[in-house]
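# Descriptive structure summary
Here is how the chains run, residue by residue.
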Amino acid sequence: MCTEDGPPSKQKPPQVPSTGTLLVDTGRRDQVGEFRGTAGPYWSLRPVCGGTEWEAEPVNVREPSPMERLRAEIARCNARSEGRIL
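A brief report on the enclosed structure follows. Bear in mind the structure is a predicted one, so any value in this text is a computation, not a measurement.

What counts, and where the lines are drawn
Residues numbered from 1 in each chain as written. Predicted model: local features only at pLDDT ≥ 70, side-chain atom pairs only at ≥ 80, totals over all residues. Heavy atoms only, no water. Patch = residues over 30% accessible without salt bridge, like charges linked within 9 Å, V, L, I, M, F, W, Y side chains within 5 Å. Areas by Shrake-Rupley, 256 points an atom, 1.4 Å probe, with all protein chains shown as cover. Salt bridge = Lys/Arg side-chain N within 4 Å of Asp/Glu carboxyl O. Helix = DSSP H or I, 4+ residues; strand = E, 2+ residues; numbered from the N terminus. Buried < 20%, exposed > 50% of the residue type's maximum accessible area, 1.4 Å probe, protein only. Pairing = 2+ DSSP bridges. Contact = heavy atoms within 4.5 Å. Axes fitted to C-alpha atoms, helices over the stretch in contact; angles between N-to-C directions.

### Here's the deal with a nonpolar patch on the surface
- On the surface, a nonpolar cluster with roughly 270 Å² of combined accessible area is contributed by Met 67, Leu 70 and Ile 74.
- On the secondary structure map, Met 67 appears in helix H1 (residues 66-81).
- Residue classification places Met 67 among the partly exposed positions, given a relative accessible area of 45%.

So, in structure tokens, the structure goes:
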């Protein structure tokens, strides 16, 4: 019989990723962002092509699928080639 470690409300928080890691914020309609750091109980994410950071709840953040990662990396490369980001 399989048992769980505890009720879902007491699950361990996700491990803090390294700076620059691509993540998807499900609380913002699956917006892909780059992890920038922590701000209290929240994680700071920045749009892949630059812009204003936002705070996400760690429970609403997941790793991107291969397709989401590819789209984000292509968008970043295109923005760099157009001079929109360094």
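### Remarks on the sheet that holds strand E4 (residues 54-56)
- Sheet architecture is open: five strands sit in the order E4-E3-E2-E1-E5, paired in antiparallel fashion. Every other strand in the sheet has two partners, leaving E4 and strand E5 (61-62) as the edge strands with one partner each.
- Pairing geometry for strand E3 (residues 42-47) and E4, over three bridges, is antiparallel. The residue of E4 that forms the bridge with Trp 43 is Ala 56.
- Packing against the sheet, H1 makes contact with strand E1 (22-25), strand E2 (31-39) and E5, and its axis sits at approximately 115° to E1.

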